[in-house]
Amino acid sequence: MKLRNALLGAGTLGVLFGVPQVRRQVLSKGVMTGMNKLGFLPTISPTEKTAIDAGTVWVDGELFSGDPDWEQLLNETYPDLSPEEQAFLDGPVEEVCAMADDWEIWQERGLPDEVWDYLKKERFFGMIIPEEYGGLGFSASANSAVVAKMAARSQGLGITVMVPNSLGPAELLVHYGTQEQRDHFLPRLARGEEIPAFALTEPQAGSDAGAMSSHGEVFEGEDGELYVRLNWKKRYITLAAISTMLGLAFKLRDPENLLGKGTDLGITCALIPTETEGVELGERHDPLGVPFYNCPTQGHDVIVPIDAIIGGADGAGNGWRMLMESLAAGRGISLPASSVGAAKGVYRAASAHAAIRRQFGLSIGKFEGIEEPLARIGGFTYLMEAARKYTNGGLDSGAKPSVVSAIMKYNTTELARDIIADGMDILAGNAISRGPRNTMAHAHQGIPISITVEGANILTRTLMVFGQGAIRCHPYALKEIEALEEDDLKAFDSAFWGHIAHVLKNMARSVYLSASRGKLASSPVDGPAADYYKKLSWASASFAILADIAMGTLGGNLKRKEKLTGRFADIFSWLYLANATLTRFEKEGRRADDLPFFQWSMEYALQQMQEGFDGLFDNMDVPLAGALFRGPLALWSRANPLSTGPSDRLGHKVAQAMQVPGPQRDRHTAGIHVSDDPTDALGRLEHALQLHHAALPVERKIKDAVKAGRLPKKKPAQLVDDAAAAGVISETEADKIRQAEAARADAVQVDSFTLEEYKKIYAPTATVGGDGAPSIATEGDGATGEPKVEA
């Protein structure tokens with residue numbers, strides 16, 4: 001009897017769960033009804049849905065799954081530049097970097113005329129425009145490499161080239177313009193005959209672009225043609241004051257339904273010649289003093305033909321989709337590139353200064369207090385470059401990963417801010433004293449701009465990375481939401497029970513991987529990376545099950561729990577950055593000399609994930625299970641961490657390797673302009689570092705002679721003549737120390753100015769030349785004259 005009852009029960013369950021038609025009516029229908037009544041899953045507005053649907057799910061879907069296919073992720077493209085792209089980087093980009101003096105650009109409040117002319121001549125503003133329209137047709141990798149190199153040289157130079165090759169008229173025309181629009185505008189943009197700007201942000205519509213008040217109205221003119229009457233008030237628009245073509249985002253109404261698409265068409269994008277009556281330009285904002293054009297613009301009853309809409313009449317109302325799809329890719333290119341460029345510049349300047357600056361008879365780079373920030377600079381730069389190349393590989397392969405782009409924008413700009421702050425600490429007085437010799441101050445002054453634009457970082461972290469990622473990257477969440485919205489029982493049944501199986505699988509994986517510290521996971525490789533792949537499997541499974549618990553218990557309220565979503569975003573971000581770092585190490589042949597940098601980066605990434613998990617366990621106040629999270633699970637997490645961070649010994653190896661000139665240092669900072677001119681700010685440090693390193697063996701001889709009693713106890717630099725006279729070193733070797741000491745003394749000098757010079761530096765009268773390049777009106781000489789140099 002018991003056996004029969006057991007079999008009967010098993011059979012009933014088998015039918016209930018195994019026969020879809022039965023399961024839908026008996027179980028799924030009730031679940032679906034309950035979820036709808038409770039408003040359990042988040043409702044998605046049309047603008048949110050457009051943002052979520054924009055772009056594609058790429059490797060982020062694997063990382064979110066809890067069981068990533070590491071073989072697939074490792075085999076993603078990790079690209080090099082084409083010969084033509086590399087030639088452009090080594091030729092015109094190198095040339096314009098040599099032409100651009102960052103101190104002069106800051107004093108003149110803009111780029112020199114010759115730089116503007118060269119940028120136009122070499123078609124820098126047409127990097128993303130296809131060759132058939134006269135552009136360069138570069139890949140995302142090349143676009144990124146160019147921006148990184150130029151931004152490392154001068155932030156103003158980098159921004160000026162970055163913006164026209166990011167979200168703006170060219171990008172929108174290439175993907176959404178009519179053939180007539182492409183044929184007319186793209187060649188002119190490529191040649192620099194048109195200077196573009198794109199106006200999106202408003203005083204009341206920043207991160208919430210959907211709240212814009214700029215509006216247009218379709219009407220029929222006396223000639224029988226259709227026109228749009230526009231009114232707008234925008235701010236923070238790069239290049240607007242000197243633009244000849246303004247891309248404009250606005251809300252379009254068609255009161256008489258002349259286009260046959262309804263009366264409220266929604267956000268639309270159009271191209272407005274700035275000479276059109278009613279367009280107001282000419283003013284500038286002052287973004288932290290960084291010399292690039294960032295401007296307000298207004299339009300009052302500006303009338304343009306319907307064909308001014310990007311995509312023509314068919315493009316009316318499609319502007320939000322255009323913007324979201326463009327940002328899905330573009331957010332992952334420009335600001336990450338400029339951040340990596342800045343990181344590499346700080347890497348070279350800080351490591352050179354740490355080696356050549358001496359206190360208490362030692363290079364300050366030998367002090368552990370300096371090693372610590374220096375190691376962060378080296379580790380972060382290695383990791384950021386890995387993520388830059390990995391992301392560009394996906395973009396070049398056709399992916400438009402909106403969540404990954406948000407991860408890149410947020411994390412690279414934040415890491416760049418940390419790197420610059422560490423560089424400022426290491427260079428100390430040399431960093432805070434502005435002047436032609438300073439390598440750090442302008443980057444420090446300008447980095448908040450990168451934090452703020454293209455989606456402020458607070459919003460990007462809490463809403464985009466996880467808020468959208470939880471819906472976009474989860475294998476079932478979006479399907480469930482869409483099934484509920486469409487009242488599709490069959491689709492809901494499939495998604496819901498697939499989700500349940502997914503949860504059970506990840507719950508089991510998270511338990512046994514945590515208990516084994518990831519040892520039971522598989523790795524696509526052997527060697528130093530294997531254990532890290534296993535730990536990432538552990539982290540991914542734990543992340544996935546916690547995300548499902550949060551979504552399942554908090555439902556639609558989760559997106560308002562931004563402190564929780566921020567911690568989820570941190571874990572998800574570091575999963576992606578760690579995966580990119582693993583790929584770099586493997587793709588570059590597991591270089592033994594890079595092992596400390598690789599290990600430092602991975603230990604730091606795992607530590608950041610651990611901090612995210614600890615924060616979740618402490619604050620996951622979910623129904624029924626809150627005490628469990630705050631108690632036993634929190635204790636287990638802290639007793640069994642993914643990592644406690646890089647060790648001091650590992651940091652020592654990284655910091656010391658950074659201070660040695662040679663192939664490794666050049667590889668880690670490849671792609672930035674390093675002048676061989678010893679009067680250039682960075683070139684001076686590099687020159688001193690080379691001479692310092694060449695003199696070290698000679699100093700060692702002198703120190704050995706002092707220990708042996710052949711020379712008195714003094715610093716080696718004070719014993720050069722005595723050592724040469726005693727035959728301890730040759731005259732040639734003595735010259736090496738003399739040259740190194742002279743270069744060292746020069747490299748640690750800072751600039752100073754007369755009071756009159758100082759006043760003119762900080763109170764110039766800016767005017768704008770006819771071609772849009774700025775000039776400075778001053779009285780007398782000395783506005784940017786030769787400063788004095790002080791030790």
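This structure is a prediction, so every number in the text was calculated from the model and none was measured.

Some points on the pairing of strand β7 (residues 294–305)
Two faces belong to every sheet, and in a regular strand the side chains alternate between them.
Stage number 1. Taken together, the nine bridges between strand β3 (residues 226–238) and β7 define a ladder with antiparallel strand orientation. Residue Thr 238 lies in a different strand from β7, and its bridge partner there is Asn 294.
Stage number 2. Across two bridges, strand β6 (residues 279–280) lies against β7 in antiparallel orientation. Within β7, the position partnered with Val 279 by the bridge is Gly 299.

Quick look at the state of the cysteines
Stage number 1. Evaluated as defined, the whole model comprises zero disulfides.
Stage number 2. Lacking any disulfide linkage, Cys 269 is separated from the closest cysteine sulfur, that of Cys 295, by 19 Å.
Stage number 3. Look at Cys 269 and you get buried, because its relative accessible area is 1%.

Section: the packing of helix α16 (residues 402–427) against helix α18 (residues 441–452)
Stage number 1. Look at α16 against α18: their axes get within 9 Å of each other, and the N-to-C directions meet at 160°. Looking at the two axes, α16 sits roughly antiparallel to α18. Handedness of the crossing formed by α16 with α18: left-handed. Contacts between α16 and α18 involve Lys 409, Thr 413, Glu 414, Ala 416, Arg 417, Ile 420 and Met 424 on the former and, on the latter, Ala 441, Ala 443, His 444, Ile 447, Ser 450, Ile 451 and Thr 452.
Stage number 2. The residue inventory of the contact of α16 with α18, partitioned by class, reads seven nonpolar, four polar and three charged.

As for a nonpolar patch on the surface
Stage number 1. On the surface, a cluster of nonpolar side chains totalling about 330 Å² of accessible area is made up of Phe 360, Leu 362 and Phe 367.
Stage number 2. Tracing the sequence through the fold places Phe 360 in the loop between β8 (358–359) and β9 (362–363).
Stage number 3. Relative accessible area serves as the criterion here: at 77%, Phe 360 is assigned to the exposed category.

Details of the side chain of Asn 294
Stage number 1. Mapping Asn 294 onto the fold places it in strand β7.
Stage number 2. Here the side chain of Asn 294 touches Tyr 236 through a polar contact of 3.2 Å, landing on its backbone oxygen.
Stage number 3. If we skip the residues at most four places from it in the chain, Asn 294 touches Tyr 236, Ile 237, Thr 238, Arg 284, His 285 and Pro 287.

Quick look at the packing of helix α9 (residues 140–153) against helix α10 (residues 155–162)
Helix packing for two helices is described by the angle between their axes and how far apart those axes are.
Stage number 1. As a packed pair, α9 and α10 sit with axes 5 Å apart at the nearest point and diverge in direction by 150°. One element, α9, and the other, α10, form an angle in the roughly antiparallel class. Taken together, the residues of α10 that come into contact with α9 (itself represented by Val 147, Met 150 and Ala 151) are Gln 155, Leu 157, Gly 158, Val 161 and Met 162.

Things to note about the side chain of Thr 268
Stage number 1. Relative to the helices and strands, Thr 268 resides in strand β5 (residues 264–273).
Stage number 2. Engagement of the side chain of Thr 268 in a polar contact is seen with the backbone nitrogen of Gly 317, the distance being 2.8 Å.
Stage number 3. In this structure Thr 268 touches Leu 248, Ala 249, Phe 250, Leu 252, Ile 309, Gly 315, Ala 316, Gly 317 and Gly 319, once residues within four positions along its chain are discounted.

A word on the pattern of salt bridges
Stage number 1. Counted according to the given criterion, the structure contains 43 salt bridges.
Stage number 2. Where Arg 509 meets Asp 67, a salt bridge forms, and the shortest distance between an N and an O atom there is 3.5 Å. Of this pair, Arg 509 sits in helix α21 (residues 489–515) while Asp 67 sits in the loop between α4 (59–65) and α5 (70–74), and the two are 442 residues apart along the sequence.
Stage number 3. Classification of Arg 509 as buried rests on a relative accessible area of 11%.
Stage number 4. Take Asp 67: its relative accessible area is 32%, and that puts it in the partly exposed class.
Stage number 5. Ionic pairing is found between Glu 217 and Arg 253, a salt bridge with its closest N-O pair at 4.0 Å. Of this pair, Glu 217 sits in strand β2 (residues 215–220) while Arg 253 sits in strand β4 (residues 245–253), and the two are 36 residues apart along the sequence.
Stage number 6. The network of salt bridges with common partners includes Arg 188, Arg 191, Glu 193 and Glu 194.

Describing unusual backbone geometry
Stage number 1. Here Ala 428, not a glycine, exhibits a phi torsion of approximately 50°, which is positive.
Stage number 2. Note on Ala 428: relative accessible area 39%, which makes it partly exposed.
Stage number 3. A positive phi angle, close to 55°, is found at Glu 454, a residue other than glycine.
Stage number 4. When you line up the elements, Glu 454 lands in the loop between α18 and α19 (457–472).

Rules behind the numbers
- Residues numbered from 1 in each chain as written.
- Predicted model: local features only at pLDDT ≥ 70, side-chain atom pairs only at ≥ 80, totals over all residues.
- Heavy atoms only, no water.
- Pairing = 2+ DSSP bridges.
- Helix = DSSP H or I, 4+ residues; strand = E, 2+ residues; numbered from the N terminus.
- Disulfide = S-S within 2.5 Å.
- Buried < 20%, exposed > 50% of the residue type's maximum accessible area, 1.4 Å probe, protein only.
- Axes fitted to C-alpha atoms, helices over the stretch in contact; angles between N-to-C directions.
- Parallel < 35°, antiparallel > 145°, perpendicular 65-115°, else oblique.
- Left-handed = near helix turned anticlockwise from the far one by under 90°.
- Contact = heavy atoms within 4.5 Å.
- Nonpolar A, V, L, I, M, F, W, Y, C, P; charged D, E, K, R; others polar.
- Patch = residues over 30% accessible without salt bridge, like charges linked within 9 Å, V, L, I, M, F, W, Y side chains within 5 Å.
- Areas by Shrake-Rupley, 256 points an atom, 1.4 Å probe, with all protein chains shown as cover.
- Salt bridge = Lys/Arg side-chain N within 4 Å of Asp/Glu carboxyl O.
- Polar contact = N/O pair within 3.5 Å; in protein donor to acceptor, adjacent residues only side chain to side chain.

As far as function goes, none of this settles anything; it's purely spatial.
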